[in-house]
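Take a look at the letters that make up each chain.
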Amino acid sequence: MKTEAKKIKILKILEILRQNSDETHPITTTEMINMLANDGIEATRQTVYSDIKTLNDYGYNIICLRRTVNEYFIDDGSFELPEIRILMDAVQAASFITPKKTAVLIDKVAALGGSYKGEILKDNIVTFNTAKHTNEQIYYNINELTHAIQNKKKVTFKYFDFNVNKQKVYRKDGGLYKENPYSLVYSDDNYYLVTFNETFGNITHYRIDRMETVQTVDEDSNFPDGFNLEKHKSEVFGMFVGDKYKVRIHARKYLIDTILDKFGEDIKLYSFSDDEIMFDAEVQVSARFISWVCSFGDSMRVISPQPVIEQIKDYLKTVAKQYE
């Protein structure tokens, strides 16, 4: 029984250190002894020192601060407060996470920092101005799609939009889609499934929160060899696909940060004048890409190729007609 009690005591000391200490809030030997006593476990200074030495011998990095009284904290590579804060803010800001699930995830993420950090963070949550989706099936969808991708299997699902009365309207008259899943992608505040559509022979995207009855099919999935997801993401704007072009763009230099955010820091920029830069990028030219270029007014313009320029002209004419 003494051996079993010692094992429990060591485990309890480890739990106490993880939940109640960090580098800025170390815990004293006396405090540990009192916490153990609250759980009906007897301990002395000597046994606590011995147990901490044993934990360190077995790879746990418990730091001792030698002060008037010794103080301890565990440095086990777990999440630091700023890291937990980033995760919590990401959960708060993500629109695809429902309000109900947001609250659950916030509690779970806060718990990664132990009781002290968790309480501090929960008391200081920033509320983002984010419209949250309401489809609770998204978590089941993500789980099922992840399983299919890992096992290289096809999936079926129903896909819907909303009408003016906020009612679901199913595409294909409620029929099933069958797709070859490749990856899950987070873009423009939404979660997407990237698939290969065998009927049309192209890459397609579906919003996961617009899916229902997602099922893995016992058929091997097919996907084009050499597909580069990162390159694809840089070419597609807002998951809207279109014909691929290599476009040349002139832009004012104050837009350099915006351009790097959109196309990545590997893109080559060239000085064109004192106030302008030039760059080439391969993009799938869709309405989203055209509206992105036009959103900068006379600070950005496509120089080539001519078919893309003509598409932009047609887009601007269509918009102008709405205000005649």
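To be clear, the structure that these remarks concern was listed above.
A brief look at the structure comes next. Please read all numbers here as calculations on a predicted model, not as lab measurements.

**Some points on the nonpolar core**
Ranked by size, the top nonpolar core spans 24 residues in total, and within it Leu145, Phe157, Leu184, Leu193, Ile208 and Met211 carry the most contacts. Those elements that provide at least two residues to this core are helix H4 (81-93), helix H5 (99-111), helix H7 (138-150), strand S4 (153-162), strand S6 (177-187), strand S7 (190-197) and strand S9 (211-220). Looking at this core, the element that brings in the most residues is H7, giving four residues. Aside from chain neighbours lying at most four places away, what touches Met211 is Asn135, Asn141, Leu145, Phe157, Lys158, Tyr159, Phe160, Leu193 and Tyr206.

**Looking at the sheet that holds strand S3 (residues 71-74)**
To summarise the sheet geometry, strands pair through backbone hydrogen bonds and adopt either a parallel or an antiparallel arrangement. Judged by pairing direction, the sheet is antiparallel, and its three strands sit side by side in the order S1-S3-S2 without closing on themselves. If you trace the sheet from one side to the other, it starts and ends with strand S1 (27-28) and strand S2 (62-65), each paired once. Across two bridges, S1 lies against S3 in antiparallel orientation. Pairing of Ile27 across the sheet is with Tyr72, part of S3.

**Section: the sheet that holds strand S13 (residues 300-304)**
With antiparallel pairing, the four strands of this open sheet are ordered in space as S11-S12-S10-S13. Two strands close off the open sheet at either side, each with one partner strand: strand S11 (270-271) and S13. Pairing geometry for S11 and strand S12 (residues 276-285), over two bridges, is antiparallel. The residue bridging Tyr270 from the neighbouring strand is Met278, located in S12.

**Topic: the packing of H4 against H5**
Geometrically, a packed helix pair is captured by the angle between its two axes and the distance between the axes. The N-to-C vectors of H4 and H5 enclose an angle of 175 degrees; their axes lie 10 Å apart at closest approach. On the basis of their axis angle, the class for H4 and H5 is roughly antiparallel. In this structure, H4 contributes Ile84, Leu87, Met88, Val91 and Gln92 to the contact, and H5 contributes Thr102, Leu105, Ile106, Val109 and Ala110. When grouped by side-chain class, the residues that make up the contact of H4 with H5 number eight nonpolar, two polar and no charged.

**Here we look at the packing of aromatic side chains**
Within this structure, the stated rule accounts for 16 aromatic pairs. When the centroid spacing of 5.5 Å and the interplanar angle of 0 degrees are considered together, the rings of Phe157 and Tyr177 count as stacked. Of this pair, Phe157 sits in strand S4 while Tyr177 sits in strand S6, and the two are 20 residues apart along the sequence. Taking the relative accessible area as the measure of exposure, Tyr177 reaches 9% and is therefore buried. Sitting over the ring of Tyr139, Lys101 keeps its end group 5.3 Å from the ring centre. Taking the ring centre of Tyr177 as reference, the NZ or CZ of Lys172 above it sits at 4.3 Å.

What counts as what
Residues numbered from 1 in each chain as written. Predicted model: local features only at pLDDT ≥ 70, side-chain atom pairs only at ≥ 80, totals over all residues. Heavy atoms only, no water. Core = buried A, V, L, I, M, F, W, Y, C linked by side-chain atoms within 4.5 Å. Buried < 20%, exposed > 50% of the residue type's maximum accessible area, 1.4 Å probe, protein only. Helix = DSSP H or I, 4+ residues; strand = E, 2+ residues; numbered from the N terminus. Contact = heavy atoms within 4.5 Å. Pairing = 2+ DSSP bridges. Axes fitted to C-alpha atoms, helices over the stretch in contact; angles between N-to-C directions. Parallel < 35°, antiparallel > 145°, perpendicular 65-115°, else oblique. Nonpolar A, V, L, I, M, F, W, Y, C, P; charged D, E, K, R; others polar. Phe/Tyr/Trp six-rings, centres within 6.5 Å; stacked < 30°, edge-to-face > 60°. Lys NZ or Arg CZ within 6 Å of the ring centre and 35° of its normal.

By themselves, these observations are geometric and do not establish any function.
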